[in-house]
Amino acid sequence: MAAKTHQKTKKIPKEVTEPKSVVPTPEFKRVTKQYLENLVRDSEFEEDSGEVAAYIPELGTALKEKTGVSVCYTDNPNPIAAGDCFRDERARPFGEADQANRLDDDMFTIQSISKVFALLYVLDCRGEEYVFKRINKEPTGDPFNADPKTTKSKGGEKRIPYNPMINVGAIFITSLFPDVVPDKDVHEEVIDAERGIISVPNDSAIYRMSTLAIRKIENEGVSDTVKKKLKDFHRDEIDRERSVGKQKAASNYYMTRSELEKRLRPKLSAEEQEEYLEKLLDYCNDGKFKMFMDFVRRMCNDESMIVDQAVWDSESATGHNNRALAWRMHADKIFFTKKGKRRDAYQEVNFIEDVLSTYFRQCSILVHSNHLAHAAAIIAGGGRYPGKEASPFKYGNVNERLLSSVVSIMSNCGLYDGSGEFAYSIGLPGKSGVGGGIMCVVPGIAGIAVFSPALDPKGNSARGLHMLAKISEEFGYNIFNRSRKLGFNLKMGDSLDKLLHEVKNNYDPSMDAKPADYIPELGANKASTTSIAICVPGQPIISRYSEEDHSQTFSLQSIANLFGLLYVLQRKSEGMVFEYVGKEPSGGSFNEMKWDPTGLPFNPMINAGAIAIASMIPDNYSDEGRNFNRDYSWETTNFYPKGRRIWDGVDDHDGKTPDYKKDSWKRQIKRHEKRVEIIDQLLFINPFLEFVRGLCGDSMDKKIQVDWDLFLSERKTGHKNRSLAWQMNDNKFFDKILARHETYDVRDREDGVIEDILDVYFQMCSIKVSVRHLAHFAGVLANGGKALREEVNQDLGKAPKEEKDQEDKISNQLLTPREVAIATSMMSTSGLYDESGEFAYNVGIPSKSGVSGGIVGVVPGKLGIAVYSPVVDKKGNSCRGMELLREISELEGLSIFR
């Protein structure tokens, strides 16, 4: 039985003004032509490695030394460019493959960058709901041409591609290209019928019987007899439809193939009918692509763009891997089909080849870097031509919000299994192609395109990556560390209270959602608990709780992974840390046993990567590291049993305590002593605990503690984490890390070291915090790593002078800007595990979740936010917490991709 669907929160009245689009302002540095020319020259010396994509023979003829870069700002339609960035007037004619003229030609084929254009085109024609009903938004962690990786749809009935940026997803998107673009003159029932059967053109597609189609067929060798019969047929059919009021104009006449065959039968012989239908099918397929091509021309501001015929032929002749992908998808029933319709084998082959022909053709469109920069500027500017109010989108389905969501997909999936590294190193949403181009979006600011055909091992332009890294660093375009001077309206008034009330009481998670009871201590949490805190640097922290939850604390769980990463980055070199853990989204669950191609954990946000980070936290694994700076008090925690206090003589002076109570106390004491024995043998992580307190504004109060009951519960039930650790140990993973600790010999205690590492990890996960603590931490990240000056709730008034004096003693720079950028990029690509892409698409706030129900989010340069609600979905993320963040992001325009 399908799970109960989510009941969305009713929108609260928008008491705030809609956020305005961000346009380039003087505080953003702008590139100059001289800078770009110097950058092109430098890249020729800095990055000379890489090979052209010779597996497509026609691409293998590209000249490695070609290098170009273009930047188009949202308020100026003229790109600033340098190098090989535009088509020379002496260049070869479009579509002609002439090697002799390539020296003068700055054109290259768009290849996989076309996936962005195809997605936007289909969204414009079909609408968001129609498209993303059958394709997901999650990164896969696999190369662009990997075997089909599909996931079940929300209803659990269909298998759908992971995202539209990999080949599997792009082929599916191509299959959605409409034969007839819906417009206001077409009856709604015709549109619905066309949508339902779009991908079966060989037996039931709807054809458009227009005068243009008739001329096309007449000019392609149809006999005079057939021409006369067709003219009579079309005239009779159009007159008939007009007479019954089903058609408004002769140019708009639609008919399915089966109906067309039935009506043609009295007019044409079987041979004549087959000839006609074949020509008509060719026209429809050609028209399907031409409508897409017109869209690309509008985006690139060039009506003369065309396909490189030689590359198209080369792609078609060698694209067998894509054929294999398409047939596997067809076997999984991924393509749209009309129920009840059957095709023979010949028709099935034609269907797949028609889809692939359109896909190969779209990848073979010739562009230069100015084209791509202009298109990226349209996306960056919210769907408007640079410097204008006009839009290239014709059907009203694409708006600024949807474009920002598409940009999130580019950020998480645009460079395939190099997307995490790209976000980590460069911090720009981008899309690459094996032709050597990369198109990037700086939301609200500019579009950037680079070109150089020599590729790195993951299929991305080596020189292009070098140039983008330089531009991002020099001009501060990294979206994960960029200042945002936007207002914030949901302050301490009724709006935030109303939002919290609406989400808590009106949003029902699915029936499968519940607290994470596989850890017994977490399963006991009250499901209705909901809280939120917001920290705007320089202002008091705003916090709101449901009525009974004012003192609610919860364990960090996987949010500790973020603190762990920052802790080791401060104490080890960045290179050393990422020598043992990757940077890519895994495409799997948080506890999946999966490794990247080099054998490392995919990233520090999933359990395997967090365990690797945990192994780097202690300075010493010898016995000297134990019982060091012990920081726990049995009497002040729930770990100390009531029976022990009574047995010590508090309540038993009169000797009237029943024996059964004494026996119960003895059992409690025995369990207590066993727990003490375990804790006394632990390798404590007090320096890490102090680090967490410092980032959460708790250095003086020390309210942040390890929950020892929860720690023991985790220790007792954490068998999947043990499995991960032992698998890593089997690959000699920890030997390499611990060999750096000169005081510890791994061979001395090979069995014990795994439990030591897991004890560190379980302690990290068992640290208890409040939403105010996490909001403070997120505020530090939003503030570029600088300590906050306003740390008290405004309900308590201004901080006393002695507290401010104490605060001034804190180091101003708690984290470096580089550490902040690393953290936020990892949060965006991997912070919600295999729901990170969906969250980025809907919310756009870099965030990290934990199975306890907490989520911490950061809008760099603007604010930090924390939410808590213990009911989590199957992927381990708080249901109400995600809904709260979605609502606030939409109301305030907080998406970093916007």
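Just above sits the structure.
What this report covers is the structure whose coordinates are included nearby.

Parameters and conventions
Residues numbered from 1 in each chain as written. Predicted model: local features only at pLDDT ≥ 70, side-chain atom pairs only at ≥ 80, totals over all residues. Heavy atoms only, no water. Helix = DSSP H or I, 4+ residues; strand = E, 2+ residues; numbered from the N terminus. Contact = heavy atoms within 4.5 Å. Areas by Shrake-Rupley, 256 points an atom, 1.4 Å probe, with all protein chains shown as cover. Axes fitted to C-alpha atoms, helices over the stretch in contact; angles between N-to-C directions. Parallel < 35°, antiparallel > 145°, perpendicular 65-115°, else oblique. Left-handed = near helix turned anticlockwise from the far one by under 90°. Nonpolar A, V, L, I, M, F, W, Y, C, P; charged D, E, K, R; others polar. Pairing = 2+ DSSP bridges. Buried < 20%, exposed > 50% of the residue type's maximum accessible area, 1.4 Å probe, protein only. Core = buried A, V, L, I, M, F, W, Y, C linked by side-chain atoms within 4.5 Å. Phe/Tyr/Trp six-rings, centres within 6.5 Å; stacked < 30°, edge-to-face > 60°. Lys NZ or Arg CZ within 6 Å of the ring centre and 35° of its normal.

Describing the overall build of the protein
Consideration 1: Looking only at helices and strands, the protein features 33 helices and 19 strands.
Consideration 2: For the protein, long-range pairs separated by at least 24 residues make up 75% of all intrachain contacts whose partners lie at least 6 apart in sequence.
Consideration 3: As displayed, the protein has an accessible area near 36700 Å², and 48% of this comes from carbon and sulfur atoms.

Some points on the packing of helix α2 (residues 114-126) against helix α4 (residues 167-175)
Consideration 1: Following both chains from N to C, one finds α2 and α4 inclined at 40°, their axes separated by 10 Å at the closest point. Comparing the axis directions of α2 and α4 gives the class oblique. For the pair α2 and α4, the sense of crossing is left-handed. Contacts between α2 and α4 involve Lys115, Ala118, Leu119 and Val122 from the first element and Asn167, Ala170 and Ile173 from the second.
Consideration 2: Class assignment for the residues of the contact of α2 with α4 results in five nonpolar, one polar and one charged.

Observations concerning the sheet that holds strand β18 (residues 854-859)
Consideration 1: Ordered in space as β13-β12-β19-β18-β17, the five strands form an open sheet in which the pairing is antiparallel. Strands at the two margins of the open sheet, each flanked by one partner only, are β13 (542-545) and β17 (847-849). Adjacent strand axes in the sheet meet at a mean angle of 10°, parallel and antiparallel pairs treated alike.
Consideration 2: Across three bridges, the pairing between β17 and β18 is antiparallel. By the bridge assignment, serine 849 is partnered in β18 with isoleucine 855.

Some words on the environment of valine 116
Consideration 1: As for its position among the elements, valine 116 is in helix α2.
Consideration 2: Judged by its relative accessible area of 0%, valine 116 falls in the buried class.
Consideration 3: Between the alpha carbons of valine 116 and alanine 376 there is a distance of 9.8 Å; along the sequence they are 260 residues apart.
Consideration 4: Residues contacting valine 116, with those up to four places away along its chain left out, are Met165, Ile379, Met410, Lys431 and Met439.

Some points on unusual backbone geometry
Consideration 1: Positive phi values are uncommon outside glycine, yet lysine 333 reaches one of about 60°.
Consideration 2: As for its placement among the helices and strands, lysine 333 is situated in the loop between α11 (320-331) and α12 (345-363).
Consideration 3: The backbone phi angle of lysine 702 is positive, close to 55°, even though this residue is not glycine.
Consideration 4: Mapping lysine 702 onto the fold places it in the loop between α24 (686-695) and β15 (705-706).
Consideration 5: Taking the relative accessible area as the measure of exposure, lysine 702 reaches 34% and is therefore partly exposed.

Structural notes on the sheet that holds strand β2 (residues 80-83)
Consideration 1: Pairing in this open sheet of five strands is antiparallel, and the strands run β2-β1-β11-β10-β9 from one edge to the other. Bordering the open sheet on either side are β2 and β9 (430-432), each of which pairs with just one other strand. If you compare each strand with its neighbour and ignore which way they point, the axes differ by 10° on average.
Consideration 2: With six bridges connecting them, strand β1 (residues 68-73) and strand β11 (residues 446-451) associate as antiparallel partners. Counterpart to glycine 68 in the pairing with β11 is phenylalanine 451.
Consideration 3: Contacts from helix α13 (residues 369-380) reach β1, β2, β10 (437-442) and β11 within the one sheet, and its direction differs from that of β1 by about 30°.

A word on the nonpolar core
Consideration 1: Residues Phe117, Ile365 and Met439 are the most contacted members of the largest nonpolar core, which totals 106 residues.
Consideration 2: With nine residues, α2 is the largest single contributor of residues to this core.
Consideration 3: Grouped together as the second largest cluster of nonpolar side chains are 86 residues, Ile613, Leu682, Phe684 and Leu689 included.

Examining the packing of aromatic side chains
Consideration 1: One pass over the structure, following the stated rule, counts 21 aromatic pairs.
Consideration 2: Their ring planes at 40° and their centres at 5.7 Å tell us that tyrosine 121 and phenylalanine 295 sit as a pair that is tilted. On the criterion of sequence distance, the pair formed by tyrosine 121 in helix α2 and phenylalanine 295 in helix α9 (residues 270-300) is long-range, its members being 174 residues apart.
Consideration 3: We classify tyrosine 121 as buried; its relative accessible area is 3%.
Consideration 4: Here tyrosine 567 and phenylalanine 688 contribute two aromatic rings whose centre-to-centre distance is 5.4 Å and whose plane-to-plane angle is 80°, an arrangement assigned as edge-to-face. Taken together, the residues tyrosine 567 in helix α19 (residues 559-571) and phenylalanine 688 in helix α24 connect sequence positions 121 residues apart.
Consideration 5: The buried category is assigned to tyrosine 567, whose relative accessible area is 3%.
Consideration 6: Three or more aromatic residues joined by ring pairs make a cluster, and in this case those are Tyr121, Phe177, Phe289, Phe292, Phe295 and Phe393.
Consideration 7: When the ring centre of phenylalanine 475 is taken as reference, the NZ or CZ atom of lysine 29 above it lies at 5.2 Å.
Consideration 8: Seen from the ring of tyrosine 73, arginine 30 lies directly overhead, with NZ or CZ sitting 4.8 Å from the centre.

Take it as geometry only, folks, not as evidence of what the structure does.
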